[in-house]
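The lines below spell out each chain.
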Amino acid sequence: MIEIYDLRRIYRMGDIEVRALDGVSLEIEKGEFLGIMGASGSGKTTLLHMLGLLDEPTSGRIVIEGTDLSLLSDYEKAMFRLYKLGYVFQDYALVPDLTVMENVSLTAMLRKDRTEGQYRKDSVEILQKIGLYDRRDHLPRELSGGQQQRVSIARAMVNKPDILFADEPCANLDSENSRMVLELFREINEEMQQTIVMVSHEDWHKDYFHRIVRLKDGKVIADGTNGSSAH
Amino acid sequence: MGKKELKVAFLLAMRSLQRGSRSSVILTILIVAMCFTNMVFLPGMFNSIGQNITKQVVDYEVGNVLISPKSGEQYVTDLDATLALINGMPGVERATPHYSKAATLKYRQRILGVSLRAITPNDEKAVSPLYTKMISGSYLGDGDTGEIILAKMIAGDPSVKEEYEFQASLGGVRVGDSITVEWANGYTKDYRVKGIYSTGYWATDTTGYVTKSDMELVEGRPLDYADYITVKAKPGYSEKFIKDELQQYGVSQKVQTTTDLLAKSMGKALQSYAIINMVSLFVGIVITTVVLFIVITIKTLNSRKQIGILKAIGVDKAVIMHNYGFQVIILALLGIACGIIMTSLLMVYMTYNPIVTPDWSASLYLTPMDLISNSLILFVAAVIAGYVPAWQVSREDIQTAMRS
Ligand SMILES: Nc1ncnc2c1ncn2[C@@H]1O[C@H](COP(=O)(O)OP(=O)(O)OP(=O)(O)O)[C@@H](O)[C@H]1O
Ligand SMILES: [Mg+2]
């Protein structure tokens, strides 16, 4: 369960003040597959960064499963990300010096609850699922944008995190691959009750979301279960 | 930091070195290697000069232990008994008496004042390699009288005009020639030049030798005393051991080891060496530190985005810091290893091609301990230099890092 109270994020650049998030309050249930939609610049990435502990709000509070994020130390935040969260970045954010396989298994290597055999098996499995197993020894720069995006998804999912944040994971995929990724998300969401918060531009993705939150200028302008008020 | 964290940090470090710029890795290693070589080169050379001087003093001047008259006396007295006593002691290879006496040498138009020495030639062979340094003629025999051996520099070179001579000489005496020696006590006689030698040691190369038997004729009496006695230790026996032993056996003269003697005369020189050594050590450390600091700083600045990514997916900052730490450690170790190889090659080269001057010759003398201690110093400096920027960059917040 994720609780967001009156979240604000203001960027100040000299005299100009950008209210990227301007008082967002939300509750996201465990097991929910939530879509965040909105125009470019509406604050979607900013919100996801806050939830993923990548950035600190200017004001407001986020509580995830009872933990107030603002109270965590740097180390606790790192551990929170490592053990609880998966994150698919809008720009893939793969580690350029590591191979596909190394990128995918890096976080699993750090987790105390994973043995080497286990994370190797998991990494192979997920790479097979996204169809990139035969590229496992390639470096990110040797892959296409779509392929890198799929690796980024594999990396976020390999540890089966409690919550998966995905920032436009299908932006660079063709419709076939997009569908595959969304099916994958639906599968883990349904099978393992994994909470998924996904940012999207594409209208047809709506069919996969349980609930859709629409942002505009850093504010929630619509919030509803699929097929109702979100339209 | 657990094992898993270190393993991941090491993996990241290896990959960064493997997939980063090859030439920058090689250059960095080379610079560390050069710094290491620079750090040990001068000290190694000074060591070798010191060793060299010590060896010459041992070989041609005093042996391992010098016995000289106790204060207030002119001679080491009771010579035969003293020699017999010392020669019978364990660890003593041989003890030999030495005399030195001022004399004026005359040959044709040349007159030259020197301090000549008298020795017991056969025993002396066990103490000094002088007999192996004859360049013409032959070494003295025990009973020789009226015969003298001269240093090449004293004998002189007939092709060099007197005014151009570096060291005054007799202007070209050859083996078999006759020279006149006027001893300080007025005794004058002609000597046949039996041999000419050259040792490379200044003091020996500016004198000549006669036998003790001859000196007895000069003095007009048997010599049961000596100006000093040189004692050569058997291999494996320390100078200190011999000295202690001599004092225990009640040798009542002044007993000094070569080390004692050199400590005084070389003390000043060693002090200036120490300053030069410190400077070269300091320069080496500073250059290495600065270079590694810059290399790692550039690396961290170039990979800020990557650092942001790593943090964003849950890699703790300690892992990120040790990633760069490991890179420095690897670069430093490789650099030091190359430095040791370079130094070793230099050591071999200089053994065969030493730097030679009239006073000393120098190669590189370094013990494993020297190499180890310098490696450690450099290593510690390198690691500190690398960890500072690594620590700084690992503290940056994710947003700033990722957006760069
Ligand atoms: N680091 C920053 N400094 C200044 N302004 C920022 C920063 N990050 C985001 N913004 C501003 O905040 C607003 C929201 O940005 P955000 O990236 O959240 O938009 P978005 O909804 O994800 O857009 P897109 O669909 O294009 O990804 C934008 O106006 C953006 O310019
Ligand atoms: Mg965005």
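**Side note on the overall build of chain A**
No. 1: The helix and strand tally for chain A stands at six helices and ten strands.
No. 2: Expected size for 231 residues packed as a compact globule is a radius of gyration near 17 Å; at 17 Å, chain A falls within 12% of this value.
No. 3: In terms of its C-alpha atoms, chain A occupies a principal-axis envelope of roughly 45 × 40 × 35 Å.
No. 4: Across the 231 residues that make up chain A, the buried fraction comes to 57%.
No. 5: Of the contacts formed within chain A by residues at least 6 apart in sequence, a portion of 67% connects residues at least 24 apart.
No. 6: Summed over its atoms, the accessible surface of chain A is roughly 9800 Å², and 47% of this surface lies on carbon and sulfur atoms.
No. 7: Placing the 29 positive and 38 negative side-chain charges of chain A at their respective mean positions leaves the two points 1 Å apart.

**A few points about the nonpolar core**
No. 1: Counting residues in hydrophobic clusters, the biggest one holds 92 residues, and the most contacted among them are Ile2(A), Ile4(A), Leu47(A), Leu106(A) and Phe165(A).
No. 2: It is helix 10 (residues 317–352) of chain B that contributes the most residues to this core, twelve residues altogether.
No. 3: If we skip the residues at most four places from it in the chain, Ile4(A) touches Val24(A), Ser25(A), Leu26(A), Ile28(A), Leu47(A), Leu51(A) and Arg61(A).

**Digging into the packing of helix 1 (residues 3–19) of chain B against helix 10 of chain B**
Residues and elements named next belong to chain B.
No. 1: Direction vectors running N to C along helix 1 and helix 10 enclose 55 degrees, while the axes themselves pass 8 Å from each other. Put simply, helix 1 runs oblique to helix 10. Judged by the sense of rotation from one axis to the other, the crossing of helix 1 with helix 10 is right-handed. Along its contact with helix 1, which presents Glu 5, Leu 6, Val 8, Ala 9, Phe 10, Leu 12, Ala 13, Met 14, Ser 16 and Leu 17, the element helix 10 presents Val 319, His 322, Asn 323, Phe 326, Gln 327, Ile 330 and Leu 331.
No. 2: Considered class by class, the residues forming the contact of helix 1 with helix 10 number twelve nonpolar, four polar and one charged.

**A word on the pattern of salt bridges**
All names here are of chain A.
No. 1: Overall, the coordinates contain 35 salt bridges over all chains when judged by the stated rule.
No. 2: With a shortest N-O distance of 2.9 Å, Lys 219 and Asp 22 are connected by a salt bridge. In this pair, Lys 219 is assigned in strand 10 (residues 219–225) and Asp 22 in strand 2 (residues 16–28), connecting sequence segments 197 residues apart.
No. 3: Take Lys 219: its relative accessible area is 41%, and that puts it in the partly exposed class.
No. 4: Residue Glu 183 is joined to Arg 186 by a salt bridge in which the shortest nitrogen-to-oxygen separation is 4.0 Å. Placement of the pair is Glu 183 and Arg 186 together in helix 6 (residues 175–192), with a separation of three residues, close to one helical turn.
No. 5: Using a relative accessible area of 35% as the deciding quantity, one classes Glu 183 as partly exposed.
No. 6: Taking relative accessible area as the criterion, Arg 186 reaches 28% and is therefore assigned partly exposed.
No. 7: Within the structure, one salt-bridge network assembled from shared partners comprises Asp 6, Arg 8, Arg 12, Glu 17, Arg 19, Asp 22 and Lys 219.

**Focus: the interface of chain A and chain B**
No. 1: In this complex, chain A contributes 32 residues to the contact, which on the side of chain B involves 25 residues.
No. 2: Among the residues chain A hides against chain B, the three largest losses belong to Asp97(A), Met109(A) and Leu110(A). Together they make up 23% of the total.
No. 3: Inspection of the region where chain A meets chain B yields six salt bridges.
No. 4: The interface formed by chain A and chain B holds nine residue pairs in polar contact (both at pLDDT 80 or more) in total.
No. 5: For the side of chain A that touches chain B, the secondary structure elements donating two or more residues are helix 2 (74–84), helix 3 (100–110) and helix 4 (116–129) of chain A.
No. 6: Element by element, the count of residues in the side of chain A that touches chain B is highest for helix 2 of chain A, at six residues.
No. 7: Among the residues making up the side of chain A that touches chain B, the classes are represented as 18 nonpolar, three polar and eleven charged.

**Brief notes about the domain arrangement of chain B**
No. 1: By domain assignment, chain B separates into domain 1 (3–57 + 268–403) and domain 2 (70–252).
No. 2: Using C-alpha coordinates to define each centre, domain 1 of chain B is positioned 52 Å away from domain 2 of chain B.

**A closer look at the coordination of the magnesium ion (ligand 2)**
All names here are of chain A.
No. 1: Coordination sphere of the magnesium ion (ligand 2), protein contribution only: Thr 45 (OG1) and Gln 90 (OE1), at 1.8 to 2.4 Å. Placement of the pair is Thr 45 in helix 1 (residues 44–51) and Gln 90 in the loop between strand 6 (85–88) and helix 3, with a sequence separation of 45 residues.
No. 2: Judged by relative accessible area, which is 21%, Thr 45 ranks as partly exposed.

**Description of the sheet that holds strand 6 of chain A**
Residue and element names in this part refer to chain A.
No. 1: Spatially, the six strands line up as an open sheet ordered 6-7-8-3-9-10, and their pairing is mixed. The open sheet terminates on both sides in strands that have one partner only, identified here as strand 6 and strand 10. Sheet twist, expressed as the average angle between the axes of neighbouring strands with direction ignored, equals 15 degrees.
No. 2: The pairing of strand 6 with strand 7 (residues 163–167) spans four bridges and is parallel.

**Remarks on the layout of surface pockets**
No. 1: Computed from the structure, the largest pocket encloses a volume of approximately 450 Å³.
No. 2: Those elements giving two or more residues to the lining of the largest pocket turn out to be strand 4 (59–64) and helix 2 of chain A together with helix 12 (398–403) of chain B.
No. 3: Top element by residues in the lining of the largest pocket is helix 2 of chain A. It accounts for five residues.
No. 4: Residue composition of the lining of the largest pocket, grouped by class: ten nonpolar, six polar and twelve charged.

**Section: the packing of aromatic side chains**
No. 1: As enumerated under the stated definition, the model contains twelve aromatic pairs over all chains in all.
No. 2: Each ring, one from Tyr75(B) and one from Tyr225(B), has its centre 4.1 Å from the other, and the planes form 45 degrees; the classification is tilted. Placement of Tyr75(B) in the loop between strand 1 (65–68) and strand 2 (76–77) and of Tyr225(B) in strand 10 (residues 225–226) is noted, with a sequence separation of 150 residues between them.
No. 3: Against the face of Tyr133(A) rests Arg136(A), its NZ or CZ located 4.2 Å from the ring centre.
No. 4: We note Arg395(B) situated over the ring of Trp391(B); from NZ or CZ to the ring centre the distance is 4.3 Å.

**Regarding the site of ligand 1**
No. 1: Taken together, 16 residues lie around ligand 1, and Ser40(A), Gly41(A), Lys44(A), Thr45(A) and Thr46(A) are the ones closest in.
No. 2: Residues lining ligand 1 come from chains A and B.
No. 3: Between ligand 1 and the protein, one listed contact pairs an oxygen atom with a side-chain N or O atom of Gln90(A) at 3.0 Å.
No. 4: In the complex, 73% of the free accessible area of ligand 1, which totals 640 Å², lies under the protein chains.
No. 5: At the level of elements, strand 1 (2–13), strand 2 and helix 1 of chain A are the ones that each hand at least two residues to the shell around ligand 1.
No. 6: Counted by class, the shell around ligand 1 contains five nonpolar, eight polar and three charged residues.

**Digging into helix 9 (residues 304–312) of chain B**
Residue and element names in this part refer to chain B.
No. 1: Taking burial as the measure, the nine residues of helix 9 include seven buried ones, the bulk of the element.
No. 2: Along helix 9, the residues classified as buried are Gln 306, Ile 307, Gly 308, Ile 309, Leu 310, Lys 311 and Ala 312.
No. 3: Positive phi shows up at Gly 314, right after helix 9, with a value of about 105 degrees.

About the thresholds
Residues numbered from 1 in each chain as written. Chains lettered and ligands numbered in written order. Predicted model: local features only at pLDDT ≥ 70, side-chain atom pairs only at ≥ 80, totals over all residues. Heavy atoms only, no water. Helix = DSSP H or I, 4+ residues; strand = E, 2+ residues; numbered from the N terminus. Rg over C-alpha atoms; globule rule 2.2 N^0.38 Å. Buried < 20%, exposed > 50% of the residue type's maximum accessible area, 1.4 Å probe, protein only. Contact = heavy atoms within 4.5 Å. Areas by Shrake-Rupley, 256 points an atom, 1.4 Å probe, with all protein chains shown as cover. Lys, Arg positive; Asp, Glu negative; His and termini not counted. Charge placed at Lys NZ, Arg CZ, Asp CG, Glu CD. Core = buried A, V, L, I, M, F, W, Y, C linked by side-chain atoms within 4.5 Å. Axes fitted to C-alpha atoms, helices over the stretch in contact; angles between N-to-C directions. Parallel < 35°, antiparallel > 145°, perpendicular 65-115°, else oblique. Left-handed = near helix turned anticlockwise from the far one by under 90°. Nonpolar A, V, L, I, M, F, W, Y, C, P; charged D, E, K, R; others polar. Salt bridge = Lys/Arg side-chain N within 4 Å of Asp/Glu carboxyl O. Buried area = accessible area lost by both parts, 1.4 Å probe. Polar contact = N/O pair within 3.5 Å; in protein donor to acceptor, adjacent residues only side chain to side chain. Domains from an automatic or database assignment. Donors = N, O, S within 2.8 Å, 3.2 Å for Na, K, Ca; no water. Pairing = 2+ DSSP bridges. 1 Å grid on protein atoms, 1.4 Å probe; cavity = no way out; pocket = protein on both sides within 12 Å on 5 of 7 lines; lining within 4 Å. Points joined across faces, edges and corners; volume = space filled by probe spheres on them. Phe/Tyr/Trp six-rings, centres within 6.5 Å; stacked < 30°, edge-to-face > 60°. Lys NZ or Arg CZ within 6 Å of the ring centre and 35° of its normal. Near = heavy atom within 4 Å.

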